Amino acid sequence: MSKRKLAKNIGSMSVAVFISRILGLIRDIVMTNYFGTSSVADAFRIAFQIPNFLRRLFGEGALSAAFVPIYNDIGVKKGREYQIRFAINVLSLLTIFLVILCILGILLAPILVKIIAPGLDDVTQQLAIKLTRILFPYLFLIGLSSTLISILNSHDFFFVPGLSSAFLNIGMIGSLGIFVLINETTNIEEKIFYWSYGVLIGGILQTIINFPLLKKIGYKIKLNFNTQGKAIDTVWRRMIPGAIGIGVRQINLVADMILASLLASGSIAALGYGNRLMQLPMGIFGVAAGVAVLPLFSRYIAEKKWSALQDSMRFSAISLSFIMLPITAIIAGLGRDFIKILFMRGQFDAVSVEMTFKAFLFYSLGIIFYSLNRLVIPVFYANKDTKTPVKVSAVIVVVNIVLNVILMQFLQHAGLALATSLSAMIQFFILIRLLQKKAPQIAFPNIWSEIIKMTGLSILLFVALNYINQFYTDLDFWPNIIKSMLLSFAGIIFFVSGTVVLRVEYTREIRKKIWQKIIRK
């Protein structure tokens, strides 16, 4: 696959994820408007978190990471027909497993809620149990959908699968919107039930949207329960370390929550808002790149095309840096204004803005490393090594907790965000060191001269934005939007011009690709 094809795949995925993330932001604004920080909102978050935790085992890591390399390997060595039979077998076994898990989750909802949120009052706890029972079938839908998306990505379909989360947001916003239009005087408890039903509607949409493309590849809807076979055994064996790794990462989230609860009131909410905003650019580019490169890396490794693999890794890493480093500078310089524009209304006052900005800023310092980790980890997965990333994740959990305890003494909740960014940086350097040691033929390429150039430009960009912005504080809503847009646009022009002057590698290709998109439109 050429760099142009790789850029196209990452671009398609990025556009789709961008649409999904924007709808997700709208979903958050709608939820804040209707439910605020009430006990009803707490009940929903708890109920949604339970299937979401299990979803990560099947949707964003373990199963996909184990399945995709084997699926591509079979396609290269045995052909399409055998590849499809293998995938249908995995999907059939996954269907049975998810159905059983959903039934158990519905039955055990009271126990699960008490474990995750033992401090709830009786009324909120009962509401959380009811909502958990409504939401648990979403696990089946998203678990199945995520595997279908992995199949489509392996056949270079990225745009429609990348819209998956958009349909979840459409389902949630649409179901509540229709209900409110019909029943304007309903109470907040009734609204949260319809908000939850919207999750299921969105899950159904996420799943069925993939069927036409699967049919185009050659898939037919059928079940095949064959628990034997070397490939099937390998998938489940490799999935276990990935599932453990995801479980390990959840320890970090729990630790952050516990420590944040010891700080000033609002720290948990500020961290949540800041992390959510940081996830917007991270999801659009970093996650999209990680999804797009796994099938490609798997094929290169199966075919032993080491030179092509190195070239693709270098291109992807520099392209991500080209995007993420100026975004970090813009967030540092204008992030406070972005938060005011999005959230400063109702109960969200100036104190909330400042707390959220600090979290947003320190989380954003790690964007480049979160993104590069999304690029490096698929290399291990493509090389059929799911254990190494898990071991590294376990080490990073300890590192993150230690940094949390130290930094929160000086920076309060912002210290927790900074600890997360520093942990991501440490994780990246450990991963590339281990990659070089374990698989020298696919060691991470040297990109540091290009990174240094772009980092220098980003620092200059931040200094300029911060200096100019101090003359235009306390603007009203629309003037603030205009100012932020103009300064962001000017900052991007400055950064791109700087990369041309400094001759950053691949700059010409990236600019040409963007210009072609503008001309077509």
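Counting restarts for each chain, with residues numbered from 1 along the sequence as it is written. Only residues with pLDDT of 70 or above have their local features reported here, since the model is predicted, and side-chain atom pairs are shown and tallied only from 80 upward, although totals for entire chains, interfaces and linings are computed over all residues. Neither water nor hydrogens contribute to the side-chain values; these are computed over all heavy atoms in the structure.

(A) Here's a closer look at helix α17 (residues 387–411). Compared with an ideal rise of 1.5 Å per residue, which puts 25 residues at 36 Å, α17 spans 35 Å between its outermost C-alpha atoms and is within 8% of the ideal. Here a helix means four or more residues in a row that DSSP labels H or I, a strand means two or more in a row labelled E, and each is numbered from the N terminus. At the exit of α17 stands Gln412, carrying a positive phi of roughly 55°. Given the number of residues in a helix, its expected span is that number minus one, multiplied by 1.5 Å.

(B) Spatial organisation of the confidence of the model for the protein. The score called pLDDT rates the predictor's confidence residue by residue, from a low of 0 to a high of 100. With 80% of its residues at a pLDDT of 70 or more, the protein has an overall mean of 79. Here residues 517–521 is modelled with pLDDT under 50, and outside its nearest four sequence neighbours on either side it reaches zero contacts, counting other chains as well. Note on definitions: a residue-residue contact is assigned when non-hydrogen atoms from the two residues lie within 4.5 Å.

(C) Broad picture of the side chain of Thr132. On the secondary structure map, Thr132 appears in helix α6 (residues 122–135). Beyond its immediate stretch of four places on either side in the chain, Thr132 contacts Ala47, Ile50, Ala109 and Val113.

(D) Representation of the packing of helix α4 (residues 80–107) against helix α5 (residues 109–116) in the model. Fitted lines through C-alpha atoms serve as axes, helices being fitted only where they are in contact, and the angles separating the N-to-C directions of these axes extend from 0 to 180 degrees. Relative orientation of the contacting elements α4 and α5 amounts to 75°, with a least axis distance of 5 Å. Taken as axis vectors, α4 and α5 run roughly perpendicular relative to one another. On α5, the residues that touch Gly105, Ile106 and Leu107 of α4 are Ala109, Pro110 and Leu112. Following the grouping adopted for this structure description, the nonpolar residues are Ala, Val, Leu, Ile, Met, Phe, Trp, Tyr, Cys and Pro, the charged ones are Asp, Glu, Lys and Arg, and the polar ones are all others, Gly among them. Across the contact of α4 with α5, the residue classes tally to five nonpolar, one polar and no charged. Here the word oblique covers every angle except those under 35 degrees (roughly parallel), over 145 (roughly antiparallel) and from 65 to 115 (roughly perpendicular).

(E) Spotlight on the pattern of salt bridges. Criterion for a salt bridge: a side-chain nitrogen of Lys or Arg within 4 Å of a carboxyl oxygen of Asp or Glu. Scanning all chains against the criterion turns up four salt bridges. In this structure, the salt-bridge partner of Arg85 is Glu81, at a minimum N-O distance of 3.6 Å. Of this pair, Arg85 and Glu81 both sit in helix α4, four residues apart, which is roughly one turn of the helix. A simple rule labels every residue: compare its accessible area, found with a 1.4 Å probe on the protein chains alone, to the largest value its type can have, and call it buried under 20%, exposed over 50%, or partly exposed in between. What makes Arg85 partly exposed here is its relative accessible area of 43%. Salt-bridge contacts for Glu354 lead to Arg336; the nearest nitrogen and oxygen are separated by 3.0 Å. Taken as a pair, Glu354 in helix α15 (residues 350–364) and Arg336 in helix α14 (residues 306–343) lie far apart in primary sequence, 18 residues in all.

(F) Main features of the packing of aromatic side chains. Aromatic pairing here means that ring centres of Phe, Tyr or Trp (its six-membered ring) are within 6.5 Å. Orientation follows from the plane angle: under 30 degrees is stacked, over 60 is edge-to-face, and everything else is tilted. Counted by the stated rule, this structure contains 11 aromatic pairs. With a centroid separation of 5.6 Å and an interplanar angle of 70°, the aromatic rings of Phe322 and Phe495 are classed as edge-to-face. Remark: Phe495 occurs in helix α20 (residues 477–501) and Phe322 occurs in helix α14; sequence separation between them is 173 residues. Owing to a relative accessible area of 8%, Phe322 belongs among the buried residues under this scheme. Aromatic side chains Phe477 and Trp478 sit 5.2 Å apart centroid to centroid with 85° between the ring planes, which places their arrangement in the edge-to-face category. Judged by relative accessible area, Phe477 falls into the partly exposed class, the value being 36%. By way of ring pairs, the aromatic residues Phe369, Phe428, Phe429 and Trp448 are connected into one cluster.

(G) Structural view of the nonpolar core. Grouped together as the largest cluster of nonpolar side chains are 67 residues, with contacts concentrated most on Leu435 and Phe444. Among the secondary structure elements, those contributing two or more residues to this core are α12 (230–260), α13 (267–302), α14, α15, α16 (367–382), α17, α18 (413–438) and α19 (448–469). Examining the composition of this core, we find that 13 residues originate from one element, α14, more than from any other. Residues contacting Leu435, with those up to four places away along its chain left out, are Met313, Val379, Phe380, Pro440, Ile442, Ala443 and Phe444. Side-chain atoms within 4.5 Å link the members of a nonpolar core, which is a set of buried Ala, Val, Leu, Ile, Met, Phe, Trp, Tyr and Cys residues.

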